[in-house]
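# Examining the three-dimensional arrangement
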Amino acid sequence: MTTQIKRIIIVCSSTNHMLKADTILRERGLVVDLVPTPSQYGSICSTSILLEEIDKKSAEESLENTNIKFSIHPYETRKLTGLMEALKNQNISTAFQVVMNKIELGMDLTKEDILLLLKTESKKEIETLYGVADRLRREIVGDIVEIRAAIEFSNYCKKSCNYCGIRKGCDLPHRYRMEEDEILEAVKDILSLGIKTVILQSGEDDYYTTEKICSILRRIKKETKMGITLSIGERSREDYLKFREAGANNFLLKIETTNQEVFERIHPDNDFDQRLQCAKWLKELGYVNGSGNMIGLPGQTVEDIADDIVYYRDMGIHMIGIGPFIPAPGTPYENLPTGSVEMTLKAIAVTRIVCKNVFLPATTALASIDADGQRKALEVGANTIMLISTPDKYKKSYQLYKNKNMIDIQSAIDAVKGANRRLPKYLKVTSKEGI
Ligand code: SAH
Ligand code: SF4
């Protein structure tokens, strides 16, 4: 869809209503898409239905005699008034100005526009790019940095992704699995900090059967009411549905790269189409859908990174984790160069500009190659930090890459303060811990 076509957005009162409406409209033959709800319509349901204005009447008729609560709004991308005025007489190329003008007017950027932003080497243009991303972040998601926490509950994996430090082929000194009670204990430690969302991450480990995962999800929901993100890799549609019904709200399954050839080279066990299929299932099951990529993968070009960003927009992805590739000892890629901090920051900035109302973490990987990386990411569009809350005795064994920075509450607070941002009110941290 291009910016010339007028579009509308249907915002529903709950995820259930949104999914029901989506099915009804599709059955009616309307071309609809699921996208993150623009911030001006609140966060009643984080996903909304996008369609062309021409179909408004049919959509209204289709939903009229149902119990679905919804409102319809024009779909306007956010304008950045005054941007071109502020750039007057600056040392900025005409081509860059053309893209800035599109951003000021709230127009969709093309892949070529995105590429131009990613490729710029000019100091002034990079500064401008970061400034624009930061302004959009402030206007769309505000100054509060979301704090979430991850429990890495198993480092067993049946796959051998060439980049990953816990791949099956790695001869690790210690493989571990946490049992349900241990996971619950760790979740409660996170809850005691006031944190509202826990991320459960692991290798692809079939020890955790569908039933086991569902049981963990149900207990977390029942005993803590926390939001739950799963990050356990590829599973069947049926499993994803069961996890959703048992309480999982979000799912993080990164595409890693949208270049099929690179994807298949770095993932000896994975099929690119299957990964796309999983992402589509997660979307249609109403998950808050998480993706992301690595910067600096072998064979990856800047064009590929531009494609990744277009993919996030077109797929309506809500959480986008962008981090540098970091070589992991004992893997086929152990001697490859680390991804660039600057390209990672540029990709974060452009993603904020293109995808707007999304969660953009200041990733652990970035913090692992630059001690100040999280502050820098927060200053160019990021708005989320994920703590590593895996119990100490297991932490060291979950090394996806070398020198992983074990982000704790103190380092998160330092990054938030360093970037002159605000901590969420829900956080309960004592003065000893830094507030
Ligand atoms: N098994 C699950 C979750 C664990 S891996 C899965 O694969 O989805 C989680 C993420 O760690 C991956 O998506 C990947 O982006 C990141 N990761 C793994 N190895 C890495 C490396 N060497 N450098 C940077 N990121 C890495
Ligand atoms: Fe396993 Fe995930 Fe690592 Fe691949 S990236 S080897 S699936 S833990």
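Let me sum up the structure you'll find in this document. This structure is a prediction, so every number in the text was calculated from the model and none was measured. (Residues numbered from 1 in each chain as written. Chains lettered and ligands numbered in written order. Predicted model: local features only at pLDDT ≥ 70, side-chain atom pairs only at ≥ 80, totals over all residues. Heavy atoms only, no water.)

### Some points on the site of ligand 1
Surrounding ligand 1, one finds 16 residues, the nearest of these being Y163, S202, E256, P324 and I326. With respect to ligand 1, the backbone of S202 contributes an N or O atom lying 3.0 Å from a nitrogen atom. Measuring from an oxygen atom of ligand 1, one finds a side-chain N or O atom of E256 at 2.6 Å. Look at ligand 1: alone it shows 530 Å² of surface, and the protein chains cover 92% of it. Its residues placed into classes, the shell around ligand 1 shows nine nonpolar, five polar and two charged. (Near = heavy atom within 4 Å. Polar contact = N/O pair within 3.5 Å; in protein donor to acceptor, adjacent residues only side chain to side chain. Areas by Shrake-Rupley, 256 points an atom, 1.4 Å probe, with all protein chains shown as cover. Nonpolar A, V, L, I, M, F, W, Y, C, P; charged D, E, K, R; others polar.)

### Side note on the nonpolar core
By size, the foremost hydrophobic cluster in this structure holds 117 residues, and its most contacted members are I147, L200, Y240, F243, I385 and L387. No other element matches the nine residues that helix α13 (residues 341-355) contributes to this core. If we ignore the near neighbours within four places in the chain, the residues touching I385 are V145, E146, I147, R148, A362, Q374, L378, I407, A412, A415 and V416. With 15 residues, the next largest nonpolar core counts I10, C12, L30 and I49 among its residues. (Core = buried A, V, L, I, M, F, W, Y, C linked by side-chain atoms within 4.5 Å. Buried < 20%, exposed > 50% of the residue type's maximum accessible area, 1.4 Å probe, protein only. Helix = DSSP H or I, 4+ residues; strand = E, 2+ residues; numbered from the N terminus. Contact = heavy atoms within 4.5 Å.)

### Some words on the packing of aromatic side chains
Aromatic rings in a pair are described by how distant their centres are and how their planes are angled relative to each other. The full count for this structure, using the stated rule, is eight aromatic pairs. For the pair F153 and Y208, a centre-to-centre distance of 4.8 Å together with 85° between the ring planes defines the contact as edge-to-face. Here the residue F153 occupies a position in strand β5 (residues 146-154), and Y208 occupies one in the loop between β6 (197-202) and α8 (210-224), the gap between them amounting to 55 residues. Here Y208 falls in the buried class, since its relative accessible area comes to 2%. On the basis of an interplanar angle of 85° and a centroid distance of 5.1 Å, the ring pair of Y207 and Y208 is categorised as edge-to-face. Given a relative accessible area of 29%, Y207 falls into the partly exposed group. (Phe/Tyr/Trp six-rings, centres within 6.5 Å; stacked < 30°, edge-to-face > 60°.)

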